Amino acid sequence: MDAQPIAALHLETTSMLKMFTTHEVEVMRRDAKKRSRANGVILAKALDQIAAEQGYRNWSLLQKNSSTASDERQPWFFRRTPEEIAQSMRVLPEPTSRFERRVRSEIARDGVQPLDGRFASAANAVDFAIAYVEGLLAQPRYRLNTKSIAYWEMRLWLPYGANPVEGDTHVLVNRYYKPVGSTSREHVDYAAYPHLSLRLRGDGWRAFSHRTAEQPFLFNDGCPPWDSRQDAEAYLGRLKELRRRL
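Because the structure is predicted, anything quoted here is derived from the model rather than measured.

Calculation rules
Residues numbered from 1 in each chain as written. Predicted model: local features only at pLDDT ≥ 70, side-chain atom pairs only at ≥ 80, totals over all residues. Heavy atoms only, no water. Pairing = 2+ DSSP bridges. Helix = DSSP H or I, 4+ residues; strand = E, 2+ residues; numbered from the N terminus. Axes fitted to C-alpha atoms, helices over the stretch in contact; angles between N-to-C directions. Salt bridge = Lys/Arg side-chain N within 4 Å of Asp/Glu carboxyl O. Buried < 20%, exposed > 50% of the residue type's maximum accessible area, 1.4 Å probe, protein only.

## A word on the sheet that holds strand β2 (residues 169–173)
Ordered in space as β1-β2-β3, the three strands form an open sheet in which the pairing is antiparallel. Looking at which strands have only one partner, the edges of the open sheet turn out to be β1 (161–166) and β3 (197–199). Averaged over all pairs of adjacent strands, the angle between strand axes in this sheet comes to 45°, irrespective of strand direction. In this structure, β1 lies alongside β2, joined through five bridges in antiparallel fashion. The residue of β2 that forms the bridge with alanine 162 is leucine 172.

Right under this line is the structure:
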C-alpha cells in the first residue's frame, strides 16, 4: 500500500473532514466528468481522485458523509448524454404491435416520467429546465415533433409560468397548468405542492415573463421553446432571469 491511501485513510477517521451539501457533491460529480473526458480516464477513477483531494479514501465514502439529511427532499438533476438527448428528439417509430391503438404522439406523451414529486423546490425545477434546454440547444439540429419524447417532456417538465395560490404565493406550472413536472391529466390541488411554490411581489415577475404576458408566464402560444431554436434561446434567457430571483 502506498503512502497516499494510508494518508487518506487517516484523514477520514478524524473529525476534520468537510461535510458536503448535495449541491456541492453534484458540482464535484460534474467536475469529475470533465476530468474523465479531458484525461481519458474512466469516470469512477476521476470521482475517486476528487474524493482523495477532499481527504476521503474514495467517492463512495464522500457521498456517504454528505451533510444533507436523508429525510430532506433531494434536488433532481438533468443527466443525459448528447446521444440520449438526440434520441429523445427523434420521432418514435411506428408501433410493431397490431394491438397498439394509440397514435405515436400519445405513446410519446405516455413515455414521459412524472417529476413533480422529484423536484426539491421551484429553484431546483428551474435549474433542471435550464440544463434541459441547454442540452437540446447543444444539438446540431434543433427540431421537435409531436411524435418525439422531448416534445412532451418540454410541455410537462419545463416551467410555463407561475399560477397564484394565495397572496404573493404562486406555484410553478407546466404548459397544462399542472405543477411543473406533473404528467397528470386530472385536477390537482396546488396546495399539495408547497415545494414548488415561489413568492412574487408586485410586478417583479415582468422581468422574467414574455413581453406580451399579463401574468407571470415565460412564453405564449406563438413562441413556445419547442417551436424553434430562436424561441428556445429566448426562453432560456427568461428561465435564467427567473432563477436569479429565486
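## A closer look at the pattern of salt bridges
A side chain of one charge can pair with a side chain of the opposite charge when the charged atoms of the two come close. Per the counting criterion, the structure on display carries 14 salt bridges. Here arginine 201 makes a salt bridge to aspartate 168, at a shortest N to O gap of 3.8 Å. Here arginine 201 is found in the loop between β3 and α9 (229–244), whereas its partner aspartate 168 is found in the loop between β1 and β2, with 33 residues between them in sequence. Judged by its relative accessible area of 57%, arginine 201 is exposed. Three or more residues joined by partner-sharing salt bridges are found here, namely Glu26, Arg29, Arg30 and Arg79.

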